[in-house]
Amino acid sequence: MSEEPLVAIVDDDASVRCSAARLIRSVGYRAEAFGSAQEFLDSGRAASTACLILDVRMPGMDGLELQRRLAGIDSPIPVVFITARASDEEERRALQAGAVAFLRKPVGKDALLQVLQGILEKPTNGEGNSNDDSSR
């Protein structure tokens, strides 16, 4: 049996990290939280991360810089930004750089889970929908 995908959460707000990790684990994914972009990079988890939830504004390296660094090493990690304070320009830059979603805090759990499911539960090898009625 394969291991569930890892969702990494990078946010300087401990309450956001904890609540996001708890929500993600509650639906069966693995979650690991990091208090800074540098902590995430130093962890060596980038290679095993299936999705990165990232704050824009953090002390030290901000989320947009982490996104740039990961792109610079050809990291294929899908990025979902969640932020309370970001300009329209920051949102535009994040999306142009390939972010999958840009959500504003407070984010409803259903909205976040819908985005994550869209990233993590894509059909593989072109397989069709499991609700296919052709076997009847």
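Placed above this text is the structure.
Rules used in this analysis
Residues numbered from 1 in each chain as written. Predicted model: local features only at pLDDT ≥ 70, side-chain atom pairs only at ≥ 80, totals over all residues. Heavy atoms only, no water. Helix = DSSP H or I, 4+ residues; strand = E, 2+ residues; numbered from the N terminus. Buried < 20%, exposed > 50% of the residue type's maximum accessible area, 1.4 Å probe, protein only. Polar contact = N/O pair within 3.5 Å; in protein donor to acceptor, adjacent residues only side chain to side chain. Contact = heavy atoms within 4.5 Å. Pairing = 2+ DSSP bridges. Axes fitted to C-alpha atoms, helices over the stretch in contact; angles between N-to-C directions. Expected span 1.5 Å × (residues − 1). Arc of directions from axis to C-beta. Salt bridge = Lys/Arg side-chain N within 4 Å of Asp/Glu carboxyl O.

Right, let's talk about the side chain of threonine 83 for a bit. Within the secondary structure, threonine 83 is located in strand S4 (residues 79-83). Residue classification places threonine 83 among the buried positions, given a relative accessible area of 1%. Polar contacts involving the side chain of threonine 83 include one to the side chain of aspartate 55, which spans 3.4 Å. With sequence-adjacent residues up to four places away left out, threonine 83 is seen in contact with Asp55, Val56, Phe102, Leu103, Arg104 and Lys105.

Turning next to the sheet that holds strand S2 (residues 30-34). Strand order in the open sheet formed by five strands is S2-S1-S3-S4-S5, and the pairing between neighbours is parallel. One side of each edge strand has no neighbouring strand; the edge strands of this open sheet are S2 and strand S5 (101-104). Averaged over all adjacent pairs, the angle separating strand axes in this sheet is 20 degrees, with direction ignored. Here helix H1 (residues 14-26) sits on the sheet and contacts strand S1 (6-10), S2 and strand S3 (49-54); the angle it forms with S2, its principal contact strand, is near 170 degrees.

With that out of the way, let us pick up the side chain of glutamine 67. Tracing the backbone through its elements, the reader meets glutamine 67 in helix H3 (residues 63-72). Note on glutamine 67: relative accessible area 6%, which makes it buried. In this view, glutamine 67 contacts Leu54, Phe81, Ala94, Ala97, Gly98 and Ala99; residues no more than four positions away in its chain are not counted.

A few words now on helix H5 (residues 109-120). The first and last C-alpha atoms of H5 sit 16 Å apart over 12 residues, in line with the 16 Å expected at 1.5 Å per residue. For H5, the full list of buried residues reads Leu112, Leu113, Val115, Leu116, Ile119 and Leu120. When H5 is viewed along its axis, its buried side chains cluster within an angular range of 160 degrees and face the same direction. Seen from the buried face of H5, the exposed residues on the opposite side, beyond 90 degrees, are Asp110 and Gln114. Residues of H5 that are buried in the fold lie against S1, H1, S3, S4 and S5.

Cis geometry is adopted by the peptide bond preceding proline 106, which originates at lysine 105 and carries an omega value of -5 degrees. By secondary structure assignment, the location of proline 106 is in the loop between S5 and H5.

One pass over the structure, following the stated rule, counts 10 salt bridges. Of the charged contacts, one joins arginine 104 and aspartate 88 as a salt bridge, the two residues approaching to 3.7 Å between their closest N and O atoms. Taken together, the residues span a long stretch of sequence, with arginine 104 in strand S5 and aspartate 88 in helix H4 (residues 88-96) at a distance of 16 residues. Looking at arginine 104, the relative accessible area reads 32%, which means it is partly exposed. A salt bridge links arginine 92 to glutamate 89, with the nearest nitrogen and oxygen atoms 2.3 Å apart. Remark: glutamate 89 and arginine 92 occur in helix H4; sequence separation between them is three residues, near one turn of the helix.

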